[in-house]
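Fold and geometry: a report
Okay, here's what each chain looks like letter by letter:
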Amino acid sequence: MTTLVICVDRSGTIGRATNVPMPVAGWEAVRSLVTDAGVADPEDASVNCLLEALRVARDLRDEREESVVAVVSAESESPVGADRSIAAQLDDLVDRYDPSAAIVVVDSAEDERVLPIVESRMPVDGVDRVVVRQAHDLESTYYLLKQFLADEQLRSTVLVPIGIALLLLPVLFVRFSAAAAVAGVAGLLGAALLYKGLGIDRLVAGMPERVREALYAGQVSVVTYVVAAGLSLVGGFFGVLAATELGDAPLTVQTMEFTYEAVPWLAIAGVTAAVGRLLDELIRDEGIRTPYLNLPFVIVAVALVVRGFAGYFLEQEALRPPTVVAGFAVAPAQRLAAFIVAGVVVSLVGVKVASDVGTETLEEVIEADADAERRTEGE
């Protein structure tokens, strides 16, 4: 029974620093690799990972257990390519030593992600994660800060928003009160964190490329999206005008007035954008996918329900005249019920039309979009 003690380097720093073909196996070969890696970059935690792998193999040998120490290091910078190169190296080790079990030695959470790849090829008896003791001490703060400042992505993500906030803070203190200044800076930092945390930066970065592809491909949705944006601005403009005409009315009432006036325009904008997407589907002649066909009906149904509730609240505040149908006054509750029923009916009609005409389910669309996104990230 042979136990394979594997030092995993998913980042590929060991291979790049030493220029040694991977995988490396055997006590003397790994000892030599430790020297080469340490001389190339003494601050790299991978050196400690190599030493820990040697220590584990020595302890197993002292217990009269046959063991082989080995190192696998990624040979690609992309996540998929790195995992595939490590998988190929593990296959080489399995063919060479036919181990009965493995002990995986890692030095970071990123390396630990390779564990399922190892488990698919051999039983894993244990995982040994190396934590450098000095990293817990205050004296290492300077070196950690130095490495942080050397990372361009972290600098742009953290330092730029903090720097802008510190520059704005004295200006806001001079122009406004202390509470307003603190609130403004907190809002700026919160927006920056959400911008990065929600991945909006990736969407914004990829927007020019998607727009260029859409223009070159002659997609109708490009025009309809522009029209939808214009209609949304019109709806917002009319909503703000209607809300400001209420004067000193409570904020909730002004919000309902804004919603009541803006919702029709926003619904038309949404339907316009959805119709443009449907036309693109028809032009491609690949069938209309069910979610895209159902989307206009959902937009109209939601708009009916929202406008019905907004009108109900405004009628309760006597800001809207009662609805009259065929000479009979309709109560606010009856009017709200009519809007809700109309929204449900439109939604059901959309489901029926989508099921009869659509060619692809929502799950298939989501899976296809996810595959396309993974292919884009891999490139």
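For the chain, an unreviewed UniProt entry supplies the name DUF373 domain-containing protein and the organism Halorubrum halodurans.

With that out of the way, let us pick up the pairing of strand β3 (residues 67-73). Across the 7 residues that make up β3, a large majority, 6, are buried. Bridge count for strand β1 (residues 3-9) against β3 is 7 bridges, and the pairing is parallel. By the bridge assignment, I6 is partnered in β3 with A70. In terms of strand pairing, strand β2 (residues 24-25) meets β3 through 2 bridges, oriented antiparallel. From the neighbouring strand, A25 faces β3, where its bridge partner is A70.

A rise of 1.5 Å per residue sets the reference length of helix α4 (residues 79-97), with its 19 residues, at 27 Å; its end C-alpha atoms lie 27 Å apart and thus fit the reference within 8%. Within the sequence span of α4, burial applies to A82, S85, I86, A87, Q89, L90 and L93. Residues of α4 that are buried in the fold lie against β1, β2, β3 and α6 (115-119). With its phi angle positive at about 50 degrees, D98 sits one or two positions after the end of α4.

Core analysis: the largest hydrophobic core is formed by 22 residues, its most contacted members being V5, L33, L50 and V71. Secondary structure elements with two or more residues in this core: β1, α2 (27-40), α3 (46-62), β3 and β4 (101-106). Top contributing element to this core by residue count: α3, with 8 residues. Beyond its immediate stretch of four places on either side in the chain, L50 contacts C7, I14, L33, V34, A37 and V71. If you look at the next biggest cluster of nonpolar residues, it comprises 21 residues, including V8, L115, I117 and V118.

On to unusual backbone geometry, then. Following M22, the chain continues into P23 via a peptide bond in cis, with omega recorded as 5 degrees. Mapped onto the elements of the fold, P23 is located in the loop between α1 (13-18) and β2. In this structure, N19 is a non-glycine residue whose phi angle is positive, near 55 degrees. Relative to the elements of secondary structure, N19 occurs in the loop between α1 and β2. The backbone phi angle of D98 is positive, close to 50 degrees, even though this residue is not glycine. Tracing the sequence through the fold places D98 in the loop between α4 and β4.

Compared with the 24 Å implied by 1.5 Å per residue over 17 residues, the 24 Å span of α3 between its first and last C-alpha is a close match. Every buried residue belonging to α3 is among S46, V47, C49, L50, E52, A53, L54, V56, A57 and L60, and all of these are buried. Those residues of α3 that are buried lie in contact with β1, α1, α2, β3, β4 and β5 (124-129). Where α3 ends, the next residue or the one after it, R64, has phi of about 65 degrees, a positive value.

At a minimum axis separation of 9 Å, α2 and α3 run at an interaxial angle of 160 degrees. Judged by the angle between their axes, α2 and α3 are roughly antiparallel. Both α2 and α3 take part in a crossing whose hand is left-handed. Contact residues: α2 offers W27, V30, R31, L33, V34, A37 and G38, while α3 offers V47, L50, L51, L54, A57, R58 and R61. Classifying every residue of the contact of α2 with α3 gives 10 nonpolar, 1 polar and 3 charged.

The tally for this structure, following the rule as stated, stands at 10 salt bridges. Of the charged contacts, one joins R58 and D59 as a salt bridge, the two residues approaching to 3.5 Å between their closest N and O atoms. On the basis of relative accessibility, which here comes to 38%, the residue R58 falls in the partly exposed class. In the salt-bridge network here, residues are joined through shared partners; they are E52, R55, R58, D59 and D128.

Calculation notes
- Residues numbered from 1 in each chain as written.
- Predicted model: local features only at pLDDT ≥ 70, side-chain atom pairs only at ≥ 80, totals over all residues.
- Heavy atoms only, no water.
- Buried < 20%, exposed > 50% of the residue type's maximum accessible area, 1.4 Å probe, protein only.
- Helix = DSSP H or I, 4+ residues; strand = E, 2+ residues; numbered from the N terminus.
- Pairing = 2+ DSSP bridges.
- Expected span 1.5 Å × (residues − 1).
- Contact = heavy atoms within 4.5 Å.
- Core = buried A, V, L, I, M, F, W, Y, C linked by side-chain atoms within 4.5 Å.
- Axes fitted to C-alpha atoms, helices over the stretch in contact; angles between N-to-C directions.
- Parallel < 35°, antiparallel > 145°, perpendicular 65-115°, else oblique.
- Left-handed = near helix turned anticlockwise from the far one by under 90°.
- Nonpolar A, V, L, I, M, F, W, Y, C, P; charged D, E, K, R; others polar.
- Salt bridge = Lys/Arg side-chain N within 4 Å of Asp/Glu carboxyl O.

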